[in-house]
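Remarks on the overall topology
This is what each chain is made of:
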Amino acid sequence: MTLTNVQSGNAEWENIIDANIPESTETHKPIKHSTMVDWLDSSLEKNNIKVVDRVFNLSKNTMRMMALYQVEKKDEKDKNTLVGLLNCNEKTYAAKLMFGLRWLTCGNRLWYESVLFKRKHTGNITQDLELGISNAISNITIYQNEFDKVINKYKEIRINDEIASHAIVNAASKKIIPSSKVVSVYREWFNPSYTYDHNEKSLYRLNNAFTTSFRNYKSPFSVPKRSFGLIKLLGEYTTKLES
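Residues numbered from 1 in each chain as written. Predicted model: local features only at pLDDT ≥ 70, side-chain atom pairs only at ≥ 80, totals over all residues. Heavy atoms only, no water.

A closer look at the pairing of strand 2 (residues 64-71)
- Within strand 2, seven of the eight residues are buried, which leaves it mostly tucked inside the rest of the structure.
- Alignment of strand 1 (residues 51-58) against strand 2, held across seven bridges, turns out to be antiparallel. The residue of strand 2 that forms the bridge with L58 is M65.
- With antiparallel pairing between neighbouring strands as the criterion, strand 1 and strand 2 make up a hairpin whose turn holds five residues, including T62 at a positive phi of roughly 65°.
- Of the strand pairs in this sheet, strand 2 and strand 3 (residues 79-88) are connected by eight bridges, and their pairing is antiparallel. When the sheet's bridge partners are listed, M66 is paired in strand 3 with L86. (Buried < 20%, exposed > 50% of the residue type's maximum accessible area, 1.4 Å probe, protein only. Helix = DSSP H or I, 4+ residues; strand = E, 2+ residues; numbered from the N terminus. Pairing = 2+ DSSP bridges.)

Considering the pattern of salt bridges
- The tally for this structure, following the rule as stated, stands at seven salt bridges.
- The closest approach of N and O atoms between K149 and E146, which form a salt bridge, is 3.5 Å. With a gap of three residues between them, K149 and E146 both fall in helix 4 (residues 140-156), about one helical turn apart.
- Residue K149 is classed as exposed on the basis of its relative accessible area of 54%.
- In this structure, K153 engages E156 in a salt bridge whose closest nitrogen and oxygen atoms are separated by 3.5 Å. Taken together, the residues K153 and E156, both in helix 4 and three residues apart, mark about one turn of the helix.
- What you see here is one network of salt bridges that share partners, running through K153, E156 and E242. (Salt bridge = Lys/Arg side-chain N within 4 Å of Asp/Glu carboxyl O.)

A short note on the packing of aromatic side chains
- Counted according to the given criterion, the structure contains four aromatic pairs.
- Ring geometry for F99 versus Y143: centroids 4.8 Å apart, planes at 40°, classification tilted. Taken as a pair, F99 in strand 4 (residues 96-103) and Y143 in helix 4 lie far apart in primary sequence, 44 residues in all.
- Judged by relative accessible area, F99 falls into the buried class, the value being 0%.
- An angle of 5° between the planes, with centres 4.3 Å apart, marks the rings of Y112 and F147 as stacked. In this pair, Y112 sits in strand 5 (residues 109-116) while F147 sits in helix 4, placing the two residues 35 residues apart along the sequence. (Phe/Tyr/Trp six-rings, centres within 6.5 Å; stacked < 30°, edge-to-face > 60°.)

Description of the sheet that holds strand 2
- Taken together, five strands build an open sheet; the order of strands is 1-2-3-4-5 and the sheet is antiparallel. Where the open sheet ends on each side, the last strands, each with one partner, are strand 1 and strand 5. Recorded for the sheet is a direction-independent mean angle of 20° between the axes of neighbouring strands.
- Here helix 4 sits on the sheet in contact with strand 3, strand 4 and strand 5, set at roughly 135° to strand 5.
- Packed on one face of the sheet, helix 8 (residues 223-242) meets strand 2, strand 4 and strand 5 and runs near 95° to strand 5. (Axes fitted to C-alpha atoms, helices over the stretch in contact; angles between N-to-C directions. Contact = heavy atoms within 4.5 Å.)

The structure is reproduced here in C-alpha cells:
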C-alpha cells in the first residue's frame with residue numbers, strides 16, 4: 001500500500017542503509033539513518049502499533065533523512081496517524097520525531113506534534129536518542145487525543161470569508177505558505193475539492209484548505225515547518241474567536 005497523495009518518497013530501504021555518514025568527532029557523533037529507523041521500528045512493535053506503510057526521503061547528499069510512517073488510528077475511519085522521523089548528520093538541525101494526521105478522504109496531512117532531541121549529535125546521543133524515541137512512541141495515544149480536541153474545536157468555531165481571507169494573508173506574511181499559494185488556498189476555501197466530515201465554514205474547513213496546498217510541495221523536509229506554523233496560527237485565531 002502506498003501513501004496516496006502524500007509525498008511518495010525518493011529512496012528505498014537499501015539507500016537508507018548505504019547512506020553516507022561523516023566521521024565521528026569529539027563534538028559530533030553521527031548516527032546512521034538505518035539505526036534510527038531500527039529504533040523506531042522496535043518501539044512501534046513493542047507498543048503494538050500497526051504500520052500500514054512507510055516511505056523514505058533522502059537529501060541529495062544523503063545527510064538528511066525523513067522516514068514517513070502511516071499507522072492505524074484506532075476507532076477512526078477517516079484518518080490515520082503519521083509518524084515522521086527526521087535525522088540529520090550535517091549539523092543543520094537536531095533529530096526529531098513528529099506526529100501527524102492523514103485524512104483518508106483526500107490524502108491531506110498535517111503535522112501537529114514534535115519531539116525534538118535537542119542535544120544534536122554529541123555526547124551520549126546514542127542512548128539518548130533510542131530512549132527518546134521509545135518514550136515518545138509510548139505517548140502516541142496522548143498526542144492523538146490532544147490533537148483530536150484541537151480538531152473538534154476547529155469544527156465548532158464558525159468563521160466568515162473575511163476572517164478566512166485575513167488568516168490566509170497572515171499565513172503568507174508568516175511564510176507558512178509562499179505568496180504564490182495565496183490564490184490556491186483562497187480557491188480551496190471557497191470551493192473545497194473534497195467532501196469532508198464537516199464542510200461548514202469553520203476553522204476546520206480553513207485548515208483543510210491549507211493542508212490541500214501543502215500537498216504541492218516537492219520537498220518533504222519543508223512541510224513539517226509549515227504544518228507547525230499553521231497549528232500555531234490557527235491556535236491564535238481559536239483564542240481570539242473564543243474570547
